[in-house]
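Below, each chain spelled out in residue letters.
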Amino acid sequence: NAGVMQNPRHLVRRRGQEARLRCSPMKGHSHVYWYRQLPEEGLKFMVYLQKENIIDESGMPKERFSAEFPKEGPSILRIQQVVRGDSAAYFCASSPRGGRYTEAFFGQGTRLTVV
Amino acid sequence: AQSVTQLGSHVSVSEGALVLLRCNYSSSVPPYLFWYVQYPNQGLQLLLKYTTGATLVKGINGFEAEFKKSETSFHLTKPSAHMSDAAEYFCAVSPSGGNTPLVFGKGTRLSVIA
């Protein structure tokens, strides 16, 4: 059973371009979480999705950021018009169900560098 | 709101020495607590978790943690450090509510000196 797959592992974008980060959850997992990791700041929650639904996007910046998890295919985190401050590691995690009892499994992350 | 404080952003121990990484939490409801480890350029891997029951929780790689409600703590320990333990360690709490994701501390980087 393959783990959570994220691609690309490294992404370089110029300021103003779009970044698209992909996350394929573990087989049988229908819940996906995106986190952002900045140096010395730990992981910050961004958005929680279930198939075709956004459950909680309280951690997502209101502008330029969007996320989806379609019925078929991977979850996508999209950042439009990237700025230097978007440079970070973005992690996706998945779980088979929601709730407090559920362990989330993490991917290896996408490291975004904005130049 | 739930929060996690990890004391010490960087801890350095000698190989074979005791590892102690501190985590304190705040929670208005009985907490569910987790420790994750992150190796360089990797994702996070679950070390152990506390939900209910026994307050001393054993995890992988010889790590364990004890939930102390009176101290609102969930410190991570290992009796004897190994070079391969060098990594970043994150404590996390699961907030109340059915669909709320984990809240992480800022992490503690563990260095092991030969």
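Just above sits the structure.
Here goes a summary of the coordinates provided. (Residues numbered from 1 in each chain as written. Chains lettered and ligands numbered in written order. Predicted model: local features only at pLDDT ≥ 70, side-chain atom pairs only at ≥ 80, totals over all residues. Heavy atoms only, no water.)

Quick word on the sheet that holds strand E8 (residues 75-79) of chain A
Residue and element names in this part refer to chain A. Let me state the cut-off plainly: Only strands joined by at least two bridges in the DSSP assignment are considered to pair. The helix and strand labels rest on DSSP assignments: H or I over at least four residues marks a helix, E over at least two residues marks a strand, and numbering proceeds from the N terminus. To get an axis, fit a line to the C-alpha atoms, keeping to the stretch in contact for a helix; angles then go from 0 to 180 degrees between the N-to-C directions.
Strand order across the open sheet formed by four strands is E1-E3-E8-E7, with antiparallel pairing between neighbours. Since the sheet does not close on itself, it has two edges, and those belong to strand E1 (5-7) and strand E7 (65-68), each with one partner. Taken pair by pair, the neighbouring strands of this sheet meet at an average axis angle of 15°, ignoring direction. As paired elements, strand E3 (residues 19-24) and E8 share five bridges and run antiparallel to each other. Following the sheet pairing, Arg 20 is matched in E8 by Arg 78.

Quick look at the state of the cysteines
Residues and elements named next belong to chain A. How we decide: Whenever a pair of cysteine sulfur atoms sits within 2.5 Å, that pair is classed as a disulfide.
Under the criterion given, the structure shown has two disulfides over all chains. A sulfur-sulfur separation of 1.8 Å characterises the disulfide bridge that pairs Cys 23 with Cys 92. Disulfide Cys 23 to Cys 92: torsion about the S-S bond roughly -50°, handedness left-handed. Of this pair, Cys 23 sits in strand E3 while Cys 92 is found in strand E9 (residues 88-95), placing the two residues 69 residues apart along the sequence.

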